[in-house]
Amino acid sequence: MSSERTRPGTGRHAKRSAGGRAKKSPPSPALTGSIGTDFVASVVVFLVALPLCIGVAAASGVSVSLGIISGIVGGLIVGFLPGSTFQVSGPAAGLAVLVLEFTTEHGVQLLGPVVLISGLLQMVLGMMKMGRLFQSISLAVVQGMLAGIGLPLILSQTYALVDSKQLGAALKNLAGLPDLTTDVLSDGQKGGALLLGGLTVVLCFLWKKVPAPLGRVPAPLVAVVLGSLAAALPMFDVKKVVVDDMLDAIDVVGPTDLGGLLDPAVLMMIVTFTIIASAESLFSAAAVDRMHTGARTQYNKELFSQGVGNTVCGLLGALPMTAVIVRSAVNVQAGGKTKISRVLHGAWLLGFGLLLPGLLGLIPVTVLAGILLHAGWKLFNPPAFIEMWKADRGEGIVMFITTLAIVVANLLEGVLAGLAVAIVLTVLRMSTMTIRRSTEGDFARLELRGNATFLRLTRLIDALESVSGASRVEIDARGIVHLDMACLSEIEGWAEQRRKAGAEHVSVLLRGDQSAQEAAESAVARSQIDPEQSATAHSEAIAAHPHGAESEPVPQLAARGYVNGSVHLADPHQPQSQHDHNRNDQHGGRPYVHGAPIEVEGELADGLRPVQPTFDEPAYYQPWYSGPVDDSRQWDGRGDQPFHPYDEGHFR
């Protein structure tokens, strides 16, 4: 007989219509509803992503079209790939400063190959399942990195806010602020740009307080529309966005373009792009997962998908891309349910870039700078420093050093510096060791507790030297949880030197140094039975009985009069009584293990006999007993009168 399986409604017995075709079930209402909400969410995300793509490209010093291309790739390619359902990818503001520095020094032509290799490395990391590794980075380092990205972005966009060219690195931009202030006060055109850009910043900060439904419109969209209308007035003479043809902006990478990758500085930038793009995407995933109750991000797949996106962006010569927290949060808040919303947002970007590029030329640069300045402030987040300091001063120092190192040096070196400080802080905290010294005549004792690492070696040496004059010394290190080789070698070497110097007695007790005899004596004291007999009986009971680990320890059986016995479950499915039956030693009748009744089998010692209960109430019985009977218990008048099933006298 065939073992063919058919799904309901699809096999030979499916119902067919008059025309001979199987009836199709109507679309699920939930699916239809999600498509509608995803469509609306895609439009909202597009309206937020468009000004951000343009602004990041302008801040990176490249063509606006390259930013839009990265946004299209993030939607139409990464949007289909597995990893995350709600994250939206595109050019990231956090990489704008790095891209600007790189293109200024090495040219735009080398940007594509760098992004291409970075994407391939991300794919390799994803296949090696390294995505979860980014979750183990110290929170202080993560927040310090975000602040280190936000502060240089603020400094660079301060120049764009007044239609001026930034000077380069963060420290140079910071040093040039006094001269920039002078230029703004003396130039009316820059003053007008500052007014328009300043209003954009204020709008972005205050828009969240606008009540619904108007408040649901994205603040960047409102700022772009109002700023473009204001820039059309005669009183404002500000710079506008310069738009190139998107197809002409594509510069496909060829084999000859890869020659410049052998430069050590370029290789370092590849590593930097890879680490930062991966970290920002996965940190964004962790944040977005806390905003919804849907499917969680699969970090390794998400890292691989981001690598695919950057590989495509690199081949096209576009900007590096990451998953962006701003767009992703808007997607969740707008009601996105599936990947359709982020895919469609890429389609809207493509259609707008191809069909309506002229509209982009109406957007003032200062408005985009205001939007990015607001984004940089949220990344910088000064209150986070205060909260971190109050929560843990050590972590606050790590966060501050990470931010400072990024501003002074660069992003990669700053993150590495923060990680190094965080590791040192952890090691110091784990190296807490207490030393107690006691002396009595010529006898001295050192008691060590905690973690003995090389960081505490000098303190350990001082403690050992303090008892060098005693003829009898005991070093009790059994309280040491972790003893590294440096401290262990120092203790053993010091003890050997004291013995050679003629000390009467030098002993070193390490963790786990308890003799078998001490352990046996302790076991006898606890069980009050012969340990050899107990071990033999226990082994035989475990071997003979199928329940193994559920068997009652033989020492308790021996205390009840059994020599060779075992305990097993009588009825594992019987519900637990209202009484506490887990204390076998105190309850008689049918003993209980884990709430189920058990049966006891075995050979009784001479003079003992089990007394079977007449009714099932184990709180009243103790049928196996090796001592005198105690009849002193009194009935309190509540419930049935207790029955004591023992004969008077002693069981011998």
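Residues numbered from 1 in each chain as written. Predicted model: local features only at pLDDT ≥ 70, side-chain atom pairs only at ≥ 80, totals over all residues. Heavy atoms only, no water.

## Brief notes about the nonpolar core
Part 1 of the argument: One finds I54, L111, V114, M145 and F273 to be the most contacted residues of the largest nonpolar core, which totals 93 residues.
Part 2 of the argument: If you tally residues by element for this core, the top one is helix α1 (residues 29-60), at eleven residues.
Part 3 of the argument: In this structure I54 touches V64, V241, L360, I363 and L368, once residues within four positions along its chain are discounted.
Part 4 of the argument: Membership of the second largest hydrophobic core comes to 21 residues, among which are I435, A444, A470 and C487. (Core = buried A, V, L, I, M, F, W, Y, C linked by side-chain atoms within 4.5 Å. Buried < 20%, exposed > 50% of the residue type's maximum accessible area, 1.4 Å probe, protein only. Helix = DSSP H or I, 4+ residues; strand = E, 2+ residues; numbered from the N terminus. Contact = heavy atoms within 4.5 Å.)

## Re the side chain of Q122
Part 1 of the argument: Its location among the elements puts Q122 in helix α4 (residues 111-127).
Part 2 of the argument: In contact with Q122, other than residues within four places in its own chain, are T274, A277, S278, L303, F304, Q306, G307 and N310.

## What to know about the packing of helix α3 (residues 96-106) against helix α11 (residues 264-289)
Part 1 of the argument: Two elements in contact, α3 and α11, have axes whose closest approach is 12 Å; the angle formed by their N-to-C orientations is 160 degrees. It follows that α3 is roughly antiparallel to α11 by the angle criterion. Two packed elements cross with a definite hand, and for α3 against α11 that hand is left-handed. Touching L98, V99, F102 and H106 of α3 are A265, V266, M269, T272 and F273, all from α11.
Part 2 of the argument: When the residues that make up the contact of α3 with α11 are grouped by side-chain class, the tally is seven nonpolar, two polar and no charged. (Axes fitted to C-alpha atoms, helices over the stretch in contact; angles between N-to-C directions. Parallel < 35°, antiparallel > 145°, perpendicular 65-115°, else oblique. Left-handed = near helix turned anticlockwise from the far one by under 90°. Nonpolar A, V, L, I, M, F, W, Y, C, P; charged D, E, K, R; others polar.)

## Section: the pairing of strand β3 (residues 433-440)
Part 1 of the argument: The pairing of β3 with strand β4 (residues 443-452) spans eight bridges and is classified as antiparallel. Its bridge partner being in β4, I435 is matched across the sheet by L448.
Part 2 of the argument: If you look at the hairpin formed by β3 and β4, you'll find two residues sitting between the two strands, and G441 has a positive phi there, around 65 degrees. (Pairing = 2+ DSSP bridges.)

## Description of the pattern of salt bridges
Part 1 of the argument: One pass over the structure, following the stated rule, counts eight salt bridges.
Part 2 of the argument: With a closest N to O distance of 2.7 Å, E447 and R449 form a salt bridge. (Salt bridge = Lys/Arg side-chain N within 4 Å of Asp/Glu carboxyl O.)

## Describing the packing of aromatic side chains
Centre distance and the angle of the planes are the two values used to describe a pair of aromatic rings.
Part 1 of the argument: Within this structure, the stated rule accounts for four aromatic pairs.
Part 2 of the argument: Judged by centre distance (6.1 Å) and plane angle (75 degrees), the ring pair of W377 and F380 falls under edge-to-face. Note that W377 and F380 are positioned in helix α15 (residues 365-380) at a spacing of three residues, about one turn of the helix.
Part 3 of the argument: F380 gets classed as buried once you look at its relative accessible area, which sits at 16%. (Phe/Tyr/Trp six-rings, centres within 6.5 Å; stacked < 30°, edge-to-face > 60°.)

## Describing the confidence of the model for the chain
Part 1 of the argument: Taken residue by residue, the chain gives an average pLDDT of 76. The fraction at 70 or more is 73%.
Part 2 of the argument: Taken element by element, the predicted model of the chain shows its lowest mean pLDDT in strand β8 (residues 592-593) (38) and its highest in α4 (95).
Part 3 of the argument: Scored below 50 in pLDDT, residues 515-601 shows 138 contacts in the model against residues more than four places distant or in partner chains.
Part 4 of the argument: Every residue in residues 643-652 scores below 50 in pLDDT, and together they form 30 contacts with partners more than four places removed in sequence or on other chains. (pLDDT = per-residue confidence, 0-100.)

## Describing the sheet that holds β4
Part 1 of the argument: One open sheet holds the four strands; their spatial order is β3-β4-β5-β6, and the pairing between them is mixed. Bordering the open sheet on either side are β3 and β6 (505-510), each of which pairs with just one other strand. Each adjacent strand pair in this sheet contributes to an overall mean axis angle of 10 degrees, direction not counted.
Part 2 of the argument: Here β4 pairs with strand β5 (residues 472-483) via nine bridges, running parallel. Bridge pairing links G450 to I480 in β5.

## As for the layout of surface pockets
Part 1 of the argument: Taken as a whole, the second largest pocket spans an internal volume of roughly 670 Å³.
Part 2 of the argument: Lining the second largest pocket are 31 residues, with A58, A59, G61, Q166 and V365 sitting closest to its centre.
Part 3 of the argument: Counting only elements with at least two residues in the lining of the second largest pocket, the list comes to α1, α3, α5 (139-161) and α15.
Part 4 of the argument: Looking at the lining of the second largest pocket residue by residue, the classes come out as 15 nonpolar, ten polar and six charged. (1 Å grid on protein atoms, 1.4 Å probe; cavity = no way out; pocket = protein on both sides within 12 Å on 5 of 7 lines; lining within 4 Å. Points joined across faces, edges and corners; volume = space filled by probe spheres on them.)

## A word on the packing of helix α9 (residues 219-231) against α15
Part 1 of the argument: For the pair α9 and α15, the least separation of the axes is 9 Å and the interaxial angle reads 160 degrees. On the basis of their axis angle, the class for α9 and α15 is roughly antiparallel. You can see that α9 and α15 cross each other, and the crossing is right-handed. Taking contact as the criterion, the partners of P220, A223, V224 and G227 in α9 are, on α15, V367, L368 and I371.
Part 2 of the argument: In the contact of α9 with α15, the residues fall into six nonpolar, one polar and no charged.

## Digging into unusual backbone geometry
Part 1 of the argument: A positive phi angle, close to 60 degrees, is found at D163, a residue other than glycine.
Part 2 of the argument: Inspection of the secondary structure assignment puts D163 in the loop between α5 and α6 (170-175).
Part 3 of the argument: Phi angles above zero are rare outside glycine, and N381 is one such case at about 50 degrees.
Part 4 of the argument: For N381, a relative accessible area of 34% puts it in the partly exposed group.

## Focus: helix α16 (residues 382-391)
Part 1 of the argument: The complete set of buried residues in α16 reads A384, F385 and M388. Seen from one end, α16 has its buried residues packed into an arc of 105 degrees, which puts them on one side. For α16, the exposed residues set more than 90 degrees away from the buried face come down to I386, E387 and K390.
Part 2 of the argument: In the core, the buried residues of α16 are packed alongside α5, α15 and α17 (393-408). (Arc of directions from axis to C-beta.)

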